[in-house]
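# Breakdown of the fold
One letter stands for each residue in the lines below.
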Amino acid sequence: GTSIQVKPGARMTNMCFEPKSFAVEAETDGGKKEFVTTKLMTRQTYTLAFIDGPLTTNPITFKEEDGMDHQPTTVKLPNAE
């Protein structure tokens, strides 16, 4: 189908994200800021897991209430910083 019915009181539970790439806002030549692709330097232990929270409608909105919602990650910028 093209839509999913969200009923009042609906929740998303045990949601999991595993980022495949990381971008960092960096200042480029000329002082302009833009997002640049980075090289991952940390072991692959950056999954965000067990995220839980309510869904509301009009517009559909998710509010995280629980879960492992952050992981420290080290990246290398294209200019080797």
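Higher on the page you've got the structure.
Here goes a summary of the coordinates provided. Bear in mind the structure is a predicted one, so any value in this text is a computation, not a measurement.

Thresholds, definitions, all that
- Residues numbered from 1 in each chain as written.
- Predicted model: local features only at pLDDT ≥ 70, side-chain atom pairs only at ≥ 80, totals over all residues.
- Heavy atoms only, no water.
- Helix = DSSP H or I, 4+ residues; strand = E, 2+ residues; numbered from the N terminus.
- Rg over C-alpha atoms; globule rule 2.2 N^0.38 Å.
- Contact = heavy atoms within 4.5 Å.
- Areas by Shrake-Rupley, 256 points an atom, 1.4 Å probe, with all protein chains shown as cover.
- Lys, Arg positive; Asp, Glu negative; His and termini not counted.
- Charge placed at Lys NZ, Arg CZ, Asp CG, Glu CD.
- Polar contact = N/O pair within 3.5 Å; in protein donor to acceptor, adjacent residues only side chain to side chain.

## Thoughts on the overall build of the chain
Scanning the chain for helices and strands turns up zero helices and eight strands. In the chain, the order of α-helices and β-strands from amino to carboxyl end is β-β-β-β-β-β-β-β. For a compact globule of 81 residues, the expected C-alpha radius of gyration is about 12 Å, and the chain comes in at 18 Å, more than 25% above that figure. Projected onto its principal axes, the C-alpha positions of the chain cover 50 × 30 × 25 Å. Of the contacts made within the chain by residues no fewer than 6 positions apart, 55% connect residues no fewer than 24 positions apart. For the chain, the accessible area works out to roughly 6700 Å², and carbon and sulfur atoms hold 51% of it. For the chain, the separation between the mean place of its 9 positive charges and that of its 11 negative charges on side chains is 5 Å.

## Comments concerning the side chain of Asp52
Within the secondary structure, Asp52 sits in strand S5 (residues 48–56). At a separation of 2.6 Å, a polar atom in the side chain of Asp52 contacts the side chain of Arg11. Discounting residues that sit within four places of it in the chain, Asp52 has contacts with Arg11, Met12, Thr13, Phe62, Lys63, Glu64, Glu65 and Asp66.

## With respect to the environment of Thr42
As for its placement among the helices and strands, Thr42 is situated in the loop between strand S4 (39–40) and S5. In this structure the C-alpha to C-alpha distance between Thr42 and Thr74, which are 32 residues apart in sequence, comes to 5.3 Å. Ignoring any residue separated from it by four or fewer positions in sequence, one finds Thr42 in contact with Pro72, Thr73 and Thr74.

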